[in-house]
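# Structure at a glance
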Amino acid sequence: MRKQHKTLSIVVLLVFLLLAAVFMFPFIWMLSSSLKDKSEIFANPPIWIPDTFHWENFTQLFTERHFGNVIVNSLFTAVTGTVGALFFCSLAGFAFAKYNFRGKRLLFGLVLASLMIPMESSMVPLFIIYRDLGLIDHLWGVILPRLTSAFGIFYMRQYCMSVENELLEAARMDGCSENRIYFRIVAPILIPAFASLGIIFFVEEWNNFLWPSVILRSEDKLTIAVAIRSLQSGVRTPYNLIMSGSVISILPMLAVIFIFQKQIFAGLTEGTVKG
């Protein structure tokens, strides 16, 4: 029995290693191609390890393609959008979880129904509104539409259900205002939810392509997803630079995930059993 269990464990381990290799293949190919000459990317048979590592692919992005400014733009939109979305989603989630008001169920149902509306269907009216507001070709035009999220509101509502009503009532009896209750009591409880949902928002903001490609026009305002797309130029597309830019684009996400992985898993697992 023990021998069969050990054999089964080895088989399962081998299967997971095979799956990991399959999922890692695109990343390994991208990393290898980022250090190749353009001609080596399409060599047949494939060249996995180039004879000469072309580190100039990365330096060229910063010296000729202004990727330093691009990264600053992306960090600004991703960090600002994430912090803002967490704040507004947590406020709305707390209100739906702990306050009773007329039309609460209907309003929450409309919030959930908005999940079925694709972004593409609202781009034209949204573009007209932002044009009238003078936010075309402005980074705030990228940030503002994503400061609320139906998924984020739902997630925070479920998490806020865990806050004991007695704790809130005791704070009110001690004279705490609703603002102090949120910032002093509710927000610290929501830290695991902030971590897990914040990673989701950050990755979405960092990889956001469609809306920034519509609203951003100037080269000095581009975010990293749009900047990588702008490298494509038909037959002369520098695929080696595209691969290098793609490597750069995933580094912040990997760093954030590795740093906050415990909080991510804690927030996701706890959030699934609330309410």
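Nothing here was measured: the structure is a model prediction, and the numbers come from that model. (Residues numbered from 1 in each chain as written. Predicted model: local features only at pLDDT ≥ 70, side-chain atom pairs only at ≥ 80, totals over all residues. Heavy atoms only, no water.)

## Re the overall build of the chain
The cut-off we apply is this: Strands are runs of DSSP state E lasting at least 2 residues, helices are runs of H or I lasting at least 4, and numbering of each runs from the N terminus. Just to be clear, the radius of gyration here is over C-alpha atoms, and the globule rule we use is 2.2 Å times residues to the power 0.38. For every residue, the accessible area obtained with a 1.4 Å probe (protein chains only) is divided by the maximum for its type, and the residue is called buried under 20%, exposed over 50%, and partly exposed between those limits. Accessible surface is estimated by sampling points in the Shrake-Rupley manner with a 1.4 Å probe; for residues, cover comes only from the protein chains shown. Residues scored as charged are limited to Lys and Arg (positive) and Asp and Glu (negative), so that His and the chain ends carry no count. Throughout, a charge is located at the NZ atom of Lys, the CZ atom of Arg, the CG atom of Asp or the CD atom of Glu.
A tally of helices and strands in the chain yields 15 helices and zero strands. Here the C-alpha radius of gyration of the chain, 24 Å, is well above what a compact globule of 275 residues would show, namely 19 Å. The principal-axis extent of the C-alpha atoms belonging to the chain is close to 75 × 70 × 30 Å. Across the 275 residues in the chain, those meeting the buried criterion constitute 39%. Summing over all exposed atoms, the chain offers an accessible surface of approximately 16,600 Å²; the carbon and sulfur share of this is 68%. If the 22 positive side-chain charges of the chain are averaged to one point and the 18 negative ones to another, these points end up 8 Å apart.

## Side note on the packing of helix α11 (residues 191-207) against helix α14 (residues 239-259)
Rules: For every element, the axis is a line fit to its C-alpha atoms; helices are fit only across the contacting stretch, and the angle between N-to-C directions ranges from 0 to 180 degrees. Roughly parallel covers angles under 35 degrees, roughly antiparallel covers those over 145, roughly perpendicular covers 65 to 115, and oblique covers all other angles. Throughout, a contact is declared for two residues whenever any of their heavy atoms are within 4.5 Å. Ten residue types, Ala, Val, Leu, Ile, Met, Phe, Trp, Tyr, Cys and Pro, are classed as nonpolar, four, Asp, Glu, Lys and Arg, as charged, and the remainder, Gly among them, as polar.
Two elements in contact, α11 and α14, have axes separated by 11 Å at closest approach and are oriented at 175°. In this view, α11 runs roughly antiparallel relative to α14, as classed from their interaxial angle. Of the residues in α14, those in contact with I199, F202, V203, W206 and N207 of α11 are S249, P252, M253, V256 and I257. Here the contact of α11 with α14 is composed, by residue class, of eight nonpolar, two polar and no charged.

## Notes on the UniProt feature "transmembrane region" (unreviewed entry) in the chain
Applicable threshold: UniProt positions are given in the numbering used here, feature names are shortened, and annotations may be inferred rather than shown by experiment.
According to UniProt, the feature "transmembrane region" (unreviewed entry) maps to residues 7-29, 70-94, 106-130, 142-160, 181-203 and 239-260 in the numbering used here. Structurally, residues 7-29 comprises 100% helix and 0% strand, and the distance from its first C-alpha atom to its last is 33 Å. A distance of 29 Å separates the end C-alpha atoms of residues 142-160, which is 68% helix and 0% strand.

## Observations concerning the pattern of salt bridges
Note the cut-off: By salt bridge we mean one thing: a side-chain nitrogen of Lys or Arg within 4 Å of a carboxyl oxygen of Asp or Glu.
Summed over the entire model, instances satisfying the criterion amount to five salt bridges. Note that R172 is salt-bridged to E169, the shortest N-O span being 3.1 Å. Within this pair, R172 and its partner E169 are both found in helix α9 (residues 165-173), separated by three residues, close to a single helical turn. Taking the relative accessible area as the measure of exposure, R172 reaches 25% and is therefore partly exposed. Through salt bridges that share partners, R146, E204 and E205 make up one connected network.

## Things to note about unusual backbone geometry
Among all residues save glycine, negative phi is the norm, and among peptide bonds the norm is trans. Cis geometry is adopted by the peptide bond preceding P45, which originates at N44 and carries an omega value of 5°. Inspection of the secondary structure assignment puts P45 in the loop between α2 (38-41) and α3 (56-63). Phi is positive for D137, close to 60°, though the residue is something other than glycine. If you trace the backbone, D137 turns up in the loop between α6 (123-132) and α7 (139-143). Judged by relative accessible area, which is 17%, D137 ranks as buried.

## Let's talk about helix α10 (residues 178-189)
The criterion, for reference: Given a helix with a known number of residues, its expected span is that number minus one, times 1.5 Å.
Helix length check: α10 (twelve residues) gives 16 Å between terminal C-alpha atoms against 16 Å at 1.5 Å per residue, within 8%. What α10 keeps buried is the set I181, Y182, I185, V186 and A187. Buried-residue contacts for α10 involve α4 (67-98), α8 (150-160), α9 and α11.

## Some details on the packing of aromatic side chains
Heads up, the condition is: We call Phe, Tyr and Trp rings a pair once their centres come within 6.5 Å, taking the six-membered ring for Trp, and we label the pair stacked below 30 degrees between planes, edge-to-face above 60, and tilted otherwise.
Here the structure, examined in full by the defined rule, presents 18 aromatic pairs. Aromatic pair W29 and W48: ring centres 5.4 Å apart, planes at 80°, arrangement edge-to-face. Of the two residues, W29 is situated in helix α1 (residues 2-33) and W48 in the loop between α2 and α3; the sequence distance between them amounts to 19 residues. For the ring pair F87 and F88, a centre distance of 5.2 Å and an interplane angle of 65° mean the geometry is edge-to-face.

## As for the nonpolar core
Heads up, the condition is: Grouping buried Ala, Val, Leu, Ile, Met, Phe, Trp, Tyr and Cys residues that are joined through side-chain atoms within 4.5 Å yields what is termed a nonpolar core.
Core analysis: the largest hydrophobic core is formed by 34 residues, its most contacted members being W206 and I224. Examining the composition of this core, we find that eight residues originate from one element, α14, more than from any other. In this view, I224 contacts F67, V70, I71, S74, W206, G245, I248 and S249; residues no more than four positions away in its chain are not counted. Counting 28 residues, the second largest nonpolar core, distinct from the first, contains A150, Y159, C160 and L197.

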